[in-house]
Amino acid sequence: MTIEASVEYISASANRFNHTAAASGSSLVAFGSGKLVALWHAQSPADHGAFATLSGHDGLVTCVKFIDDSTILSTDDTGSLRLWRNSNSSWAPSPKVQAHTKAVSALCVNTEAGCIVTGSSDSQLKVWKIAEQGDLQEVETITLKGRYPLSMGLAKLPQSGALILAVGSTDRHIQIFTRSENTFIPSATIPGHEDWVRAICFRPSASSSEPLILASGSQDANIRLWNIEAVTRPASTANNSEALSDDLLDAFEASLGELDDGEEGGRQISLKKHILTVKTGGDSTQQFSITFDALLVGHEAGVTSLAWRPSTMGHSRDTLLSTSTDSSLILWSPVSVSSGQNGSSSALWINQQRFGDVGGQRLGGFVGGLWTDAGSEALAWGWSGTTGNEIWTEVGALTGHTGPIRGIAWSSGGEYLISAGLDQTTRIHAALPTNKSDSESMLSWHEVGRPQVHGYDLVGIVSLDPLRFISVADEKVARVFRAPRGFVQTMRGLGAVDLNVDEETLPVSATVPPLGLSNKATSDAPPISISDSRRPFEAELASITLWPEVEKIFGHGYESITVAVSSARKLFATTCKATTVKHAAVRVYDTENFRPFGQPLEGHTLTVTRIAFSPDDQLVLTVSRDRTWRLFHREGSGYVPIAVDKSHARIIWDCSWAPDGQAFATASRDKTVKIWHSLHGNLAKWTAVADFKLPEAVTAVAFAPMIESNDRRMLAVGLETGNIQLFTSTDAVGWQMSLEIKNSTRFGHIDHIHQLAWRPGRQGKQHRQIASCAEDGTLKIFAVHGSVN
């Protein structure tokens, strides 16, 4: 029997670092997502989103750069540096280089010169080159004397082979270094900004007559442009009067700057030329001047990134992209204006296009931005736009949880997948046809709703039916949500599923009141609709896809841990953090009136980590930190204890029932999975008929549904390292591992698997789908191919 797996969906978000993403010339976008480097073809007509995640970093990925279309350079917050090379569509990492003792905060590359510079919060810059054997080789170390580099740019000086390095750091100045031989030399300090310089970007000169332009963006919300050009006359011809005028100008500017920092006008625009001198060979030198050219004012908060539009045949004008924490992305371009009666003109930089939220409504704003598709598409973390003839329209981009994902659940019929994470959101993921006339093989998974944006970390979720779900968070309350009319219309319009409900009975939408945690239904507002021709954008997901909260369930004395729903969706159960028998009780409720069903299920002494109802709902299985599992049998209007076992040596993290209800599995930190079967049908006596040892702690387990009665049993096991293993058996005893999705593969998880969930229905014997969520912040859906009988 051959079983294979392929990834159908990867939900991953970009890290909140302004250098964490880069695009190649072929519009391949690489971005840091947790400790992973995720890859996305931005111009893929299938619109499949991220297609691979590269594992190899031990910390959060902070910077990513393309050296060429087949080589990626990435850094992380542990100070390490890594190269990735593409060979036959497989990205292989080079050995990890420990570049710095602290987090790498900035990275720049000059491919033509073969020079790489890293900057770290250890207050050092390091210069690297790629050796002949392909490894990174350190060339030089530069100390910044207590300043932390936040951004860097590297370019060649015009009409010269010398390199210029601009560094923005945790002071108000731009540090300029030049290298004409083997080492970088401090050459100038450029004042002007009033706060940290967070963005640096060079625009190379297109011809020898054009200057090299340096753009700098600061926490002061302003962007400054600087012209760098060769001094046409020898330095010896400079007359004393000009030097004197520069000294007088400096004194005048200093007198203007004597105001307090808090007063308007405390800092002025400097027109002083900064002179750089570089060697050109032998004893000869060449001078370059750096002069202030323009001040771009338009952002209302700190500038986070800058990027010059690639020079292509279709784009004749210089265009600078800037992003800010005010949730806006601005495109700046120069226009010619008359500057005198003699007909001369000069360039005035203006705001040509502005995108994003008016007034900065999006929390945190934009962290960074970049260009793709040869300058025809602009992207920012969580938002993207595409252009044609300079008429810009928003298009869908990648979305995902921004923290560990603790719970996932399929809707009752497998129509969609819903997830809950520590970023305090629940998200709905559905398969959408890329072309509605095509077959199901052309489906592409995307986030289509964000029904809950909460004030507490969400830790668990279950679906009651396609229109209702229950979530639990780091609070004492379980909350019930019901779909609004807009969700039903969106799912039908996008071709995901027609839920066949009476829409008039549903509220139009939901809103969150100021300082509130509960989504309130709004029925008197005009219908909020999303175009049938596209999926929701990030701003829509965060604002108009909320579901109204219809019920709160109280009962626990401490923060919730997990929630489970019965097979018939008539009951659900919850648990909370506990160190006593009283608080370790499992509470069961009905899903019609949300009232307690029988007495709490007591017996455990520590926190219950997972609950599972048997397929016929006659049994409830619970596992706990106290290393025991307990079984409760339904009698009348409640459940009573009938069995307990303490065979595991460590915490039991998860449990799952076999689809026939004759056996169940428990997964423990003691690196074992045990399969339990009742003795001669006696529900009070269970024995471990299989016990297999795993290489690492087991954190998740899930039996696959049986398509036919003679199918092999299939069990998915998630490990603490992120590996997923698939075991099959013809009976409850003989198990063998048939497949392993390792954390070293390009689509494996790299951290603690929190939950596994097989998709119900909508699949055949040769094609089953399983969803997984992990501590690494990614959610993935795998297709398992192959016969299992």
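Residues numbered from 1 in each chain as written. Predicted model: local features only at pLDDT ≥ 70, side-chain atom pairs only at ≥ 80, totals over all residues. Heavy atoms only, no water.

Right, let's talk about the overall build of the protein chain for a bit. Counting secondary structure elements, the protein chain contains 3 helices and 59 strands. Summarising the internal contacts of the protein chain: among those between residues at least 6 apart in sequence, 51% fall at separations of at least 24. Within the structure as shown, the protein chain displays about 32,200 Å² of accessible surface, and the carbon and sulfur contribution to it stands at 48%. (Helix = DSSP H or I, 4+ residues; strand = E, 2+ residues; numbered from the N terminus. Contact = heavy atoms within 4.5 Å. Areas by Shrake-Rupley, 256 points an atom, 1.4 Å probe, with all protein chains shown as cover.)

With respect to topology, 4 strands assemble into an open sheet ordered β49-β50-β51-β52, the strand pairing being antiparallel. The outermost strands of the open sheet, each flanked by one partner alone, are β49 (652-657) and β52 (682-693). With strand direction ignored, the average angle separating the axes of adjacent strands in the sheet is 25°. With 8 bridges joining them, strand β51 (residues 672-679) and β52 adopt antiparallel strand pairing. When the sheet's bridge partners are listed, histidine 677 is paired in β52 with threonine 687. (Pairing = 2+ DSSP bridges. Axes fitted to C-alpha atoms, helices over the stretch in contact; angles between N-to-C directions.)

Applying the stated rule across the entire model yields 22 aromatic pairs. When the centroid spacing of 6.0 Å and the interplanar angle of 75° are considered together, the rings of tryptophan 657 and tryptophan 686 count as edge-to-face. With tryptophan 657 in strand β49 and tryptophan 686 in strand β52, this residue pair connects regions lying 29 residues apart in the sequence. The rings of Tyr416, Phe469, Phe481, Phe487 and Trp547 are connected pair by pair, giving a single aromatic cluster. In this structure, arginine 82 is placed above the aromatic ring of tryptophan 84, and the distance from its NZ or CZ to the ring centre is 6.0 Å. (Phe/Tyr/Trp six-rings, centres within 6.5 Å; stacked < 30°, edge-to-face > 60°. Lys NZ or Arg CZ within 6 Å of the ring centre and 35° of its normal.)

Next up on the list: the pairing of strand β47 (residues 629-634). Inspection of the sheet shows strand β46 (residues 619-624) paired to β47 by 5 bridges, in the antiparallel sense. Note that in β47 the partner of threonine 622 across the bridge is arginine 630. In this antiparallel pair of consecutive strands, β46 and β47, the connection spans 4 residues, and arginine 627 shows a positive phi of 75°. Of the strand pairs in this sheet, β47 and strand β48 (residues 639-645) are connected by 6 bridges, and their pairing is antiparallel. Bridged to histidine 633 within β48 is valine 640. In this antiparallel pair of consecutive strands, β47 and β48, the connection spans 4 residues, and glycine 636 shows a positive phi of 65°.

Counting buried residues along helix α2 (residues 485-493), 7 of its 9 residues qualify, which places the element largely inside the surrounding structure. Close packing links the buried residues of α2 with β34 (425-433) and β35 (443-453). In the stretch just after α2, glycine 495 is the one whose phi turns positive, near 80°. (Buried < 20%, exposed > 50% of the residue type's maximum accessible area, 1.4 Å probe, protein only.)

So, about the confidence of the model for the protein chain. Overall, the predicted model of the protein chain reaches an average pLDDT of 86, with 87% of residues at or above 70. Within the model, pLDDT remains below 50 along residues 255-267, and this stretch shows 12 contacts once partners closer than five positions in the same chain are excluded. (pLDDT = per-residue confidence, 0-100.)

Once that is clear, we can look at the environment of glutamate 775. Tracing the sequence through the fold places glutamate 775 in the loop between β58 (767-774) and β59 (779-785). Judged by relative accessible area, which is 31%, glutamate 775 ranks as partly exposed. Sequence separation between glutamate 775 and isoleucine 750 is 25 residues, and the spatial gap between their C-alpha atoms is 8.2 Å. Ignoring any residue separated from it by four or fewer positions in sequence, one finds glutamate 775 in contact with Pro404, Asp751, His752 and His754.

With that settled, the discussion passes to the pattern of salt bridges. Considering all chains together, one arrives at 19 salt bridges under this definition. Here aspartate 474 and lysine 577 are joined by a salt bridge, their closest N and O atoms 3.6 Å apart. One end of the pair, aspartate 474, is in the loop between β37 (468-473) and β38 (478-482); the other, lysine 577, is in the loop between β43 (571-576) and β44 (587-590), and 103 residues separate them in sequence. With relative accessibility at 38%, the residue lysine 577 sits in the partly exposed group. Close ionic contact of glutamate 503 with arginine 492 constitutes a salt bridge, the shortest N to O distance being 2.6 Å. In this pair, glutamate 503 sits in the loop between α2 and β39 (509-511) while arginine 492 sits in helix α2, placing the two residues 11 residues apart along the sequence. Accessibility expressed as a relative area gives 16% for glutamate 503, which makes it buried. (Salt bridge = Lys/Arg side-chain N within 4 Å of Asp/Glu carboxyl O.)

On to the side chain of serine 74, then. For serine 74, the position within the fold is in strand β7 (residues 71-76). Its relative accessible area of 0% is what places serine 74 among the buried residues. Side-chain polar atoms of serine 74 contact the side chain of histidine 57, separated by 2.7 Å. If near-sequence neighbours (up to four positions away) are discounted, serine 74 is found in contact with Val37, His57, Val61, Cys63, Val64, Ser80, Leu81, Arg82 and Trp84. (Polar contact = N/O pair within 3.5 Å; in protein donor to acceptor, adjacent residues only side chain to side chain.)

The buried count for strand β6 (residues 61-68) comes to 6 of 8 residues, which makes it a mostly enclosed element. In this sheet, β7 lies alongside β6 in antiparallel orientation, the contact comprising 6 bridges. By the bridge assignment for β7, cysteine 63 is matched with threonine 75. Counted along the chain from β6 to the antiparallel partner β7, the turn is 2 residues long.

Here we take up the nonpolar core. One finds Trp40, Leu726, Leu756 and Trp758 to be the most contacted residues of the largest nonpolar core, which totals 33 residues. The element contributing the most residues to this core is strand β57 (residues 753-758), with 3 residues. In this view, tryptophan 40 contacts Ser27, Leu28, Val29, Phe31, Gly49, Ala50, Phe51, Leu379, Ala397 and Leu398; residues no more than four positions away in its chain are not counted. (Core = buried A, V, L, I, M, F, W, Y, C linked by side-chain atoms within 4.5 Å.)

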